[in-house]
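Summary of structural features
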Amino acid sequence: MTTLEHDVEIKTTVQRVFEYYTNPENIKEAWPREIIKESEPISASKNEEGSEMKVKGEYMRKEEEMLMEVTDKVQNRRLATRQTQGPFKKFESIQEFQGNGNITHVKHTIEYELPTTGKVANLLTGSQADKKLKQGLEQAAQTVKQKLESNRA
């Protein structure tokens, strides 16, 4: 199991940051295009516990689809999701939010395990996956920070 973490401070309210991060359609806007191609809710409710979303990505020029389920949501505090179907043996994402006036601290943790067989196992080594996901996590945080601090979101 591999754990990646990234922290970012965003100069806006926790309500605004939480609303942006918890909209499945914003995943594709924040993450690099070479990693995430599409993201959309597939449940009637967006990001409520038990709701699902679909995330399509590219791994070493092979397109893969991941179904994610919201496993825990605490308004303006926490959002946890896990892969229910997709290329990883295990994939969980936890976003924690702490607001202090007009400054919000976001801690995003991803825990994943690569499969030992299949397309992803044949295409990515552990270090390649770590590097690509870490870069994506950092770039996504900076993209959200820039959008929210410049009022473009």
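Report follows, based on the coordinates. Keep in mind the model is a prediction, meaning the values are calculated, not measured.

Structural notes on the side chain of E69
Mapped onto the elements of the fold, E69 is located in strand β4 (residues 62–74). Apart from residues no more than four positions distant in its own chain, E69 is found in contact with G50, S51, E52, A80, T81, R82 and T84.

Let's talk about the pattern of salt bridges
Where charged atoms from two side chains of opposite charge approach closely, those side chains can pair. Summed over the entire model, instances satisfying the criterion amount to 11 salt bridges. Here R78 makes a salt bridge to E96, at a shortest N to O gap of 3.7 Å. You can see R78 sitting in strand β5 (residues 78–85) and its partner E96 sitting in strand β6 (residues 90–100), a full 18 residues away along the chain. On the basis of relative accessibility, which here comes to 32%, the residue E96 falls in the partly exposed class. Taking the shortest distance from any N to any O, the salt bridge between E149 and K145 comes out at 3.0 Å.

A few points about the packing of aromatic side chains
Applying the stated rule across the entire model yields four aromatic pairs. Here the aromatic rings of F18 and F97 are separated by 5.0 Å at their centres, their planes lie at 75°, and the arrangement is edge-to-face. With a gap of 79 residues between them, F18 in helix α1 (residues 14–21) and F97 in strand β6 connect regions that are remote in the sequence. For F18, a relative accessible area of 1% gives the class buried.

With respect to empty space enclosed by the protein
In this structure the tally under the stated criterion is two cavities of 30 Å³ or more. There is about 430 Å³ of room inside the largest cavity. The wall of the largest cavity is formed by 32 residues, among which I27, W31, S93, Q95 and H108 lie closest to the centre. If you tally residues by element for the lining of the largest cavity, the top one is helix α4 (residues 126–149), at five residues. In terms of residue class, the lining of the largest cavity is made up of 24 nonpolar, eight polar and no charged.

About the criteria used
Residues numbered from 1 in each chain as written. Predicted model: local features only at pLDDT ≥ 70, side-chain atom pairs only at ≥ 80, totals over all residues. Heavy atoms only, no water. Helix = DSSP H or I, 4+ residues; strand = E, 2+ residues; numbered from the N terminus. Contact = heavy atoms within 4.5 Å. Salt bridge = Lys/Arg side-chain N within 4 Å of Asp/Glu carboxyl O. Buried < 20%, exposed > 50% of the residue type's maximum accessible area, 1.4 Å probe, protein only. Phe/Tyr/Trp six-rings, centres within 6.5 Å; stacked < 30°, edge-to-face > 60°. 1 Å grid on protein atoms, 1.4 Å probe; cavity = no way out; pocket = protein on both sides within 12 Å on 5 of 7 lines; lining within 4 Å. Points joined across faces, edges and corners; volume = space filled by probe spheres on them. Nonpolar A, V, L, I, M, F, W, Y, C, P; charged D, E, K, R; others polar.

Just geometry here; none of it tells us what the structure is for.
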